[in-house]
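Remarks on the overall topology
Take a look at the letters that make up each chain.
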Amino acid sequence: MTTQQTFTDPSAEALAEAAKAGDELRIRKLVADGANPNAQGARGLPLLQWAMLNQSRRGFEALLAAGADPTRGDAGGTTAMHLAAQADSPYWLETLLARGVSPDTPNTITQATPLMAALMAERAENADRLLKAGAKVDLADRQGDTALHVAAQINEAGRVLQLLDAGANPTRKNAQGVTFQRYLFMTKDSVLGADVRRQRDAVKTWLQQHGVALEGAH
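Everything quoted here is computed from the prediction, not taken from an experiment.

Quick word on helix 13 (residues 194-209)
Across its 16 residues, helix 13 extends 22 Å between first and last C-alpha, which sits within 8% of the 22 Å expected from 1.5 Å per residue. Within helix 13, the full set of buried residues consists of Arg200, Val203, Lys204, Trp206 and Leu207. Along the axis of helix 13, the buried residues cluster in a sector spanning 160 degrees; they form a single face. Set apart from the buried face of helix 13 by more than 90 degrees, the exposed residues are Arg198, Gln208 and Gln209. Close packing links the buried residues of helix 13 with helix 11 (157-165) and helix 12 (181-184). Gly211 sits one or two residues past helix 13 and shows a positive phi near 70 degrees.

Examining the UniProt feature "repeat: ANK" (unreviewed entry) in the protein chain
Under the local residue numbering, the UniProt record ascribes the feature "repeat: ANK" (unreviewed entry) to residues 76-108, 110-142 and 143-175. Helix makes up 48% of residues 110-142 and strand 0%, and the two end C-alpha atoms of the span are 5 Å apart. Annotated as 48% helix and 0% strand, the span residues 143-175 places its first and last C-alpha atoms 5 Å apart.

Concerning the packing of helix 2 (residues 10-21) against helix 3 (residues 24-32)
The N-to-C vectors of helix 2 and helix 3 enclose an angle of 160 degrees; their axes lie 8 Å apart at closest approach. What the angle tells us is that helix 2 and helix 3 run roughly antiparallel. For the pair helix 2 and helix 3, the sense of crossing is left-handed. Every residue of helix 3 that contacts helix 2 at Ala14, Leu15, Ala18 and Ala19 is listed here: Arg26, Ile27, Leu30 and Val31. Among the residues forming the contact of helix 2 with helix 3, the class breakdown is 7 nonpolar, no polar and 1 charged.

So, the packing of aromatic side chains
The full count for this structure, using the stated rule, is 4 aromatic pairs. Note on Phe60 and Trp92: the rings are 4.9 Å apart at their centroids and 85 degrees apart in plane angle, and the pair reads as edge-to-face. Of this pair, Phe60 sits in helix 5 (residues 57-65) while Trp92 sits in helix 7 (residues 91-98), and the two are 32 residues apart along the sequence. Ring centres 4.9 Å apart and planes at 75 degrees place the aromatic pair Tyr91 and Trp92 in the edge-to-face group. The exposure classification of Tyr91 matches that of Trp92, with both residues buried. Among the aromatic residues, ring-to-ring pairing joins Phe60, Tyr91 and Trp92 into one connected group. Across from the ring centre of Tyr91, 4.2 Å away, lies the NZ or CZ of Arg57, which sits over that ring.

Some words on the side chain of Thr105
Residue placement: Thr105 occurs in the loop between helix 7 and helix 8 (114-120). A polar contact of 2.8 Å, which involves the side chain of Thr105, links it to the backbone oxygen of Ser102. Apart from residues no more than four positions distant in its own chain, Thr105 is found in contact with Thr71, Thr79, Met81, His82, Ala112, Thr113 and Pro114.

Here's the deal with unusual backbone geometry
Although it is not a glycine, Arg43 sits at a positive phi angle of roughly 55 degrees. Counting through the fold element by element, Arg43 comes out in the loop between helix 3 and helix 4 (47-53). Although it is not a glycine, Glu122 adopts a positive phi angle of roughly 60 degrees. Note that Glu122 resides in the loop between helix 8 and helix 9 (124-132).

Regarding the environment of Ile109
Looking at the secondary structure, you find Ile109 in the loop between helix 7 and helix 8. Taking the C-alpha atoms as reference points, Ile109 and Leu164, separated by 55 residues in sequence, lie 27 Å from one another. When sequence neighbours within four positions are dropped, the list of residues in contact with Ile109 reads Ala75, Gly76, Gly77 and Arg142.

Observations concerning helix 7
Taking burial as the measure, the 8 residues of helix 7 include 6 buried ones, the bulk of the element. Along helix 7, the residues classified as buried are Tyr91, Trp92, Leu93, Thr95, Leu96 and Leu97. Those residues of helix 7 that are buried are in contact with helix 4, helix 5, helix 6 (80-86) and helix 9. Trailing helix 7 by a residue or two, Gly100 shows a phi angle of about 90 degrees, which is positive.

Cut-offs applied
- Residues numbered from 1 in each chain as written.
- Predicted model: local features only at pLDDT ≥ 70, side-chain atom pairs only at ≥ 80, totals over all residues.
- Heavy atoms only, no water.
- Helix = DSSP H or I, 4+ residues; strand = E, 2+ residues; numbered from the N terminus.
- Expected span 1.5 Å × (residues − 1).
- Buried < 20%, exposed > 50% of the residue type's maximum accessible area, 1.4 Å probe, protein only.
- Arc of directions from axis to C-beta.
- Contact = heavy atoms within 4.5 Å.
- UniProt positions renumbered as here; feature names shortened; annotations may be inferred.
- Axes fitted to C-alpha atoms, helices over the stretch in contact; angles between N-to-C directions.
- Parallel < 35°, antiparallel > 145°, perpendicular 65-115°, else oblique.
- Left-handed = near helix turned anticlockwise from the far one by under 90°.
- Nonpolar A, V, L, I, M, F, W, Y, C, P; charged D, E, K, R; others polar.
- Phe/Tyr/Trp six-rings, centres within 6.5 Å; stacked < 30°, edge-to-face > 60°.
- Lys NZ or Arg CZ within 6 Å of the ring centre and 35° of its normal.
- Polar contact = N/O pair within 3.5 Å; in protein donor to acceptor, adjacent residues only side chain to side chain.

Okay, structure coming up:
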């Protein structure tokens, strides 16, 4: 969509164009004249996410400096932190974390964390950045899923083990009343590749060593 299609308010459209172009001086002037750096366009898209989607780093930083809120969600609840966690470039996430934005910023609708977003997008390095920044591993979304559930759902046994070592609660149940084990051990060992079997075996060993009963592990 074009800028005009996305932002129908004239002042928001002008700010969006400036952000897309990375025109820091114009952004400052427009905001000083009353333009809202937190204006939202089609599908609730905030200007900050607009700059990110247009790969405008200068526009992104200028909007942040002008007061754009990286915890504001679009129509689906996705915040700039979640978009950054899903990105293939570390720039967005590193910039927001350096500014002190919480690594646990919730999706404004689902309550999913940026860590969950990084896992779902298979951005392993961003997941590591969030963990290093102190992301809480036991926060749950509205379905009761934690990062451990998400890692198990995408069959990332190695990540499951990392989260367990980081303090994730292996007995935490979601809204369906199941722990991460239900998802991780759904597939029989006999149909898995050697590497995946080894990773799952490491999870089983961890659970046994910590006195956690195995649930349906084959």
